[in-house]
Amino acid sequence: MKIAKVLTVCFIACFLIACSSCKRDDKSAGTDTATQEESLTPPDYSADSAFAFVKAQTDCGPRVPNTPAHAQCAAFLQGKLAEYCDTVIVQRFDATAYDGTVLKSSNIIGSFRPDNPKRIVLASHWDSRPWANADPDEANREKPIDGANDGASGVGVLLELARQLSLKAPEIGIDIVFFDAEDYGTNGQDDSWGLGAQYWSHNPHVSGYRAAYGILLDMVGATNARFRYEQFSSMYARSVLTKVWNTAYRLGYGQVFQQEQAHAITDDHYYVNTIAGIPMIDIIHQEDQTGTGFPHTWHTLEDNINHIDKHTLAIVGKTLLSVIYNEK
Ligand code: AHN
Ligand code: ZN
C-alpha cells in the first residue's frame, strides 16, 4: 500500500516536471513570429475619445490648404497638443503643388520628454484632399473630401494617445508630427504627395533631430480595416514592422494586423526614410478588391465620419501605446 502511494506520487511528480519542461522548450524554441510569445494586457485607451477627436476634425469641414476650415483645424490641433504634450512647435512653410499652387502649410509637432535622446516619432497627415476624384459620381469629382479616414483617423488616434501619455508619462521621448500637404498629389507624379513630410525631412523641427524609429498612420479608422506589411516599410524598417505586428498579435489583434506582404505606397514615411534617414513604417489600410488599392471610400465623398469605426481606432491606439510603454 505504502509503496504504491510512493510510486503514485513519484509518477505524478515526474509527469509534472516533464510537462513544465515541455512548456519551457516551447518558449525557448525562439522564432521571431509572434505566435509563441506571451500575451499582453492592453493599456488604457478610450475608443470614444479617439472617435470624438476624429469628428472634431471633420466638423471643421474639408481641411484643404488655403481655406478657413484648414486654419480652424490647425488651431484645434495646436491647442490639443499644447494641452497634452510638454512642448509644441508649429512649422509654417509654403509648399508648391504640382500644379503651381502655393499651399500655405503647417506641420504641427507635439513632444514628450523633449530632452531624452532615446525617441520615437509618430506621424499622420492632417490635411484632406481637395478633390473626390475617385468618386463613382462624376459630378462629385471636383469637390473636396472630409477625409475622415484619409487624414483625420490617424490624427484622432494620436490625439487620444497624447492624452493617455499626459496621464502616464512614457520613459522614452515621443514626438507626434501632424504633416500638412500630403494629399494634394496627382497620379503618376510620386513626389507630388507628402509635401509636408518632404519639408520636415529636410528641415526637422529641432536641428540635428534623431529618432530610433518612426510609425506613420494612414487610413486607420475603417470598419473591417486590415493592415499588412507595406513594401517600403519592409525595405527600410523591417524590425519596426516585426515589433509592431508582434505587439498587435500579443494583444489579440492578429486579424487586423495581418502578417502578410502588401504593395509599396509613396506616403509620408517614404520621405522620412529616404531624406531624414529615420526608419519609419506605414500602418496603412490597403485593399486588393477595390481597383484603387485602398478602401472603397478612398478619395470619394463617402470618406466621412459615417464610415469610421471606433474599435479600429482603439486597436491601433492600444498597439502603439503598448509599443511605447515597452520601450526603455
Ligand atoms: C500615391 O497614391 C502615390 N500615394 C498615396 C498616398 C496617400 C494619399 N495616402 C493617402 N492619400
Ligand atoms: Zn488621400
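This text goes with the structure placed above it.
Residues numbered from 1 in each chain as written. Chains lettered and ligands numbered in written order. Predicted model: local features only at pLDDT ≥ 70, side-chain atom pairs only at ≥ 80, totals over all residues. Heavy atoms only, no water.

Q: Help me understand the packing of helix α2 (residues 47–58) against helix α4 (residues 148–167), please; the structure alone is not making it clear to me.
A: The packing of two helices is summarised by the inter-axis angle and the distance between the axes. Their axes nearest at 8 Å, the elements α2 and α4 cross at an angle of 135 degrees. Judged by the inter-axis angle, α2 sits oblique to α4. The hand of the α2/α4 crossing is right-handed. From α2, Ser49, Ala50, Phe53, Val54, Gln57 and Thr58 reach across to α4, where they touch Ala148, Ala152, Ser153, Val155, Gly156, Leu159, Glu160 and Arg163. (Axes fitted to C-alpha atoms, helices over the stretch in contact; angles between N-to-C directions. Helix = DSSP H or I, 4+ residues; strand = E, 2+ residues; numbered from the N terminus. Parallel < 35°, antiparallel > 145°, perpendicular 65-115°, else oblique. Left-handed = near helix turned anticlockwise from the far one by under 90°. Contact = heavy atoms within 4.5 Å.)

Q: I would appreciate a short explanation of helix α5 (residues 195–202) in the present structure.
A: Every α-helix winds through 3.6 residues per turn, so residues three or four apart in the chain are directed the same way. In terms of burial, α5 is a largely internal element, six of the eight residues being buried. Where α5 is concerned, the buried positions are Leu195, Gly196, Ala197, Gln198, Trp200 and Ser201. (Buried < 20%, exposed > 50% of the residue type's maximum accessible area, 1.4 Å probe, protein only.)

Q: What am I meant to see in the pairing of strand β2 (residues 102–112) here?
A: Among the eleven residues in β2, nine count as buried, and that is most of the element. As paired strands, strand β1 (residues 87–96) and β2 are joined by ten bridges and run antiparallel to one another. Across the sheet, Gln91 pairs through a bridge with Asn107, a residue of β2. In this structure, the hairpin formed by β1 and β2 is closed by a connection of five residues, where Gly100 is found at a positive phi of approximately 90 degrees. Note that β2 and strand β4 (residues 173–179) share five bridges and pair antiparallel. When the bridges of β4 are listed, Ser111 appears paired with Asp175. (Pairing = 2+ DSSP bridges.)

Q: Just checking my understanding: could you explain unusual backbone geometry for this structure?
A: Residues other than glycine predominantly adopt negative phi, and peptide bonds predominantly adopt the trans conformation. Of note in the backbone geometry, Arg113 takes a positive phi value of approximately 50 degrees without being a glycine. Following the sequence through the fold, Arg113 ends up in the loop between β2 and β3 (119–125). Phi at Met219 takes a positive value of approximately 65 degrees, unusual for a residue other than glycine. Take Met219: it is sitting in the loop between β5 (213–218) and β6 (227–229).

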